[in-house]
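Residues per chain are reported as follows:
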Amino acid sequence: MVDVVAHRGFSGRFPENTAVAFNKALALDVEMIELDVHLAKDGSLIVIHDATVDRTSDGTGRVDALTLDEIKEMDAGTWFDPAFKGERFLVLGEALDLIGDRVRLNVHVKAYDETRMAVVTQTIDEIGSRDLIETSFIASDEQSIVVAKQLLPELAVCNLTTQPKDTYIARSLSYGCEILQPGNAQVEEAFVSEAHTYGLEVNPFYADMESEMRRLIGAGVDGILTNHPDLLQTVRQ
């Protein structure tokens, strides 16, 4: 049965990457939760997808130009719906403590050349300090997963550098990947079959429509990232 991967938590109905989105995904008993991590100015690991806070809060500015104290003052819920006023950004440790080992964790590390070593190292340290290595994996660009494997060879990694498509599987294997997260448009039965030949897990990003969920399930994928995990649970039944 295909795994339900709650993209940024239950982000279709709740503000993404927040405690309420993660708690609602957990309440659905999804198999996996995906979240994103950026490094702040003071070295804190902030759970946020974008490089800036503009879209998902009442604040402005780049995450790497803001301190944790500044970010924690921002409202991360009202942008989605006034009902979520007062929701705050989480640091990675808070998200890990909330989710724990109840589901598998897909930790998307947002890395840049000048901060790659710091953000990858600190993310691994946070996961390892909570004994979550066996139930977590890091997803990132090729340079970052190479760093992750060098730091902790037993950590599972997922290659998000999906292009060029023709070499995606071979490149991922060469970096020691166990998981692929291709764009849903590039996923067909032949691609999944080839990946499975090498023991690779295939979790495409993404599907929010029933028709696309059914197509991907028919192609034999292992999991699907979705903003609507409740719908995917219904479809897979």
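Since the model is a prediction, treat every value here as computed from it, not as a measurement. (Residues numbered from 1 in each chain as written. Predicted model: local features only at pLDDT ≥ 70, side-chain atom pairs only at ≥ 80, totals over all residues. Heavy atoms only, no water.)

Draft legend 1. Layout of the environment of Leu66. Structurally, the position occupied by Leu66 is in the loop between β3 (45-47) and α2 (68-72). For Leu66, a relative accessible area of 11% gives the class buried. For the pair Leu66 and Ala195, spaced 129 residues apart in the sequence, the C-alpha separation amounts to 41 Å. Aside from chain neighbours lying at most four places away, what touches Leu66 is Ala40, Lys41, Asp42, Val53, Thr60, Gly61, Ile71 and Met74. (Helix = DSSP H or I, 4+ residues; strand = E, 2+ residues; numbered from the N terminus. Buried < 20%, exposed > 50% of the residue type's maximum accessible area, 1.4 Å probe, protein only. Contact = heavy atoms within 4.5 Å.)

Draft legend 2. Representation of the pairing of strand β10 (residues 223-226) in the model. In β10, alternate side chains face the same way, and those of Gly223 and Leu225 on one face and Ile224 and Thr226 on the other are all buried. Both strand β1 (residues 3-7) and β10 contribute to a ladder of four bridges, which runs parallel. Residue pairing for β10: Val5 is matched across the bridge by Leu225. (Pairing = 2+ DSSP bridges.)

Draft legend 3. How the structure looks around the packing of helix α8 (residues 210-219) against helix α9 (residues 229-236). Taken N-terminus to C-terminus, the directions of α8 and α9 make an angle of 55 degrees; their axes are 10 Å apart at the nearest point. Taken together, the axes of α8 and α9 lie oblique to each other. Where α8 crosses over α9, the handedness of that crossing is right-handed. Contact with α8, carried on its side by Glu210, Met213, Arg214 and Ile217, involves Leu231, Leu232, Val235 and Arg236 of α9 and no other residues of that element. Of the residues belonging to the contact of α8 with α9, the class tally is five nonpolar, no polar and three charged. (Axes fitted to C-alpha atoms, helices over the stretch in contact; angles between N-to-C directions. Parallel < 35°, antiparallel > 145°, perpendicular 65-115°, else oblique. Left-handed = near helix turned anticlockwise from the far one by under 90°. Nonpolar A, V, L, I, M, F, W, Y, C, P; charged D, E, K, R; others polar.)

Draft legend 4. Main features of a negative patch on the surface. Among the surface-exposed residues, Asp42, Asp69, Glu70 and Glu73 lie close enough to one another that they form a single negatively charged patch. Looking at where Glu70 falls in the secondary structure, it is placed in helix α2. Exposure remark for Glu70: the relative accessible area of 39% places this residue in the partly exposed category. (Patch = residues over 30% accessible without salt bridge, like charges linked within 9 Å, V, L, I, M, F, W, Y side chains within 5 Å. Areas by Shrake-Rupley, 256 points an atom, 1.4 Å probe, with all protein chains shown as cover. Salt bridge = Lys/Arg side-chain N within 4 Å of Asp/Glu carboxyl O. Lys, Arg positive; Asp, Glu negative; His and termini not counted. Charge placed at Lys NZ, Arg CZ, Asp CG, Glu CD.)

Draft legend 5. Quick peek at empty space enclosed by the protein. A full pass over the atoms with the stated rule returns two cavities of 30 Å³ or more. The calculated volume of the largest cavity comes to roughly 60 Å³. As for the largest cavity, its lining consists of His38, Leu39, Ala51, Arg62, Val63, Asp64, Lys110, Tyr112 and Thr115. Looking at the lining of the largest cavity residue by residue, the classes come out as four nonpolar, two polar and three charged. (1 Å grid on protein atoms, 1.4 Å probe; cavity = no way out; pocket = protein on both sides within 12 Å on 5 of 7 lines; lining within 4 Å. Points joined across faces, edges and corners; volume = space filled by probe spheres on them.)

Draft legend 6. Just helix α4 (residues 116-129), in detail. Across its 14 residues, α4 extends 20 Å between first and last C-alpha, which sits within 8% of the 20 Å expected from 1.5 Å per residue. When α4 is considered as a whole, its buried residues turn out to be Arg116, Val119, Val120, Thr123, Ile124 and Ile127. Angularly, the buried residues of α4 cover 125 degrees about the axis, an arc narrow enough to put them on a single face. Looking at the packing, one finds that the buried side of α4 touches β2 (32-39), β3, α3 (92-99), β5 (104-109), β6 (136-140) and α5 (142-151). Directly beyond the C-terminal end of α4, a positive phi value near 55 degrees is found at Asp131. (Expected span 1.5 Å × (residues − 1). Arc of directions from axis to C-beta.)

Draft legend 7. Fine view of the layout of surface pockets. Counted as a void, the largest pocket has a volume near 170 Å³. Together, Lys165, Asp166, Tyr168, Ile169, Ala170, Leu173, Gln186, Glu188, Ala190, Phe191, Glu194 and Tyr198 line the largest pocket. When residues of the lining of the largest pocket are traced back to their parent elements, those giving at least two are α6 (168-174) and α7 (189-197). Sort the elements by how many residues they give to the lining of the largest pocket and α6 lands first, with four residues. Classifying every residue of the lining of the largest pocket gives seven nonpolar, one polar and four charged.

Draft legend 8. Local environment of the nonpolar core. Within the largest apolar cluster, 60 residues are counted, with the highest numbers of intra-cluster contacts made by Phe22, Ile33, Leu35, Ile99, Val119, Leu180 and Val221. The element contributing the most residues to this core is helix α1 (residues 19-27), with six residues. (Core = buried A, V, L, I, M, F, W, Y, C linked by side-chain atoms within 4.5 Å.)

Draft legend 9. The arrangement of the packing of α4 against α5 in detail. Their axes nearest at 10 Å, the elements α4 and α5 cross at an angle of 50 degrees. Looking at the two axes, α4 sits oblique to α5. The handedness of the crossing between α4 and α5 is right-handed. Taken together, the residues of α5 that come into contact with α4 (itself represented by Arg116, Met117, Val120, Thr121 and Ile124) are Gln143, Ser144, Val147, Ala148 and Leu151. For the contact of α4 with α5, a count of residues per class yields six nonpolar, three polar and one charged.

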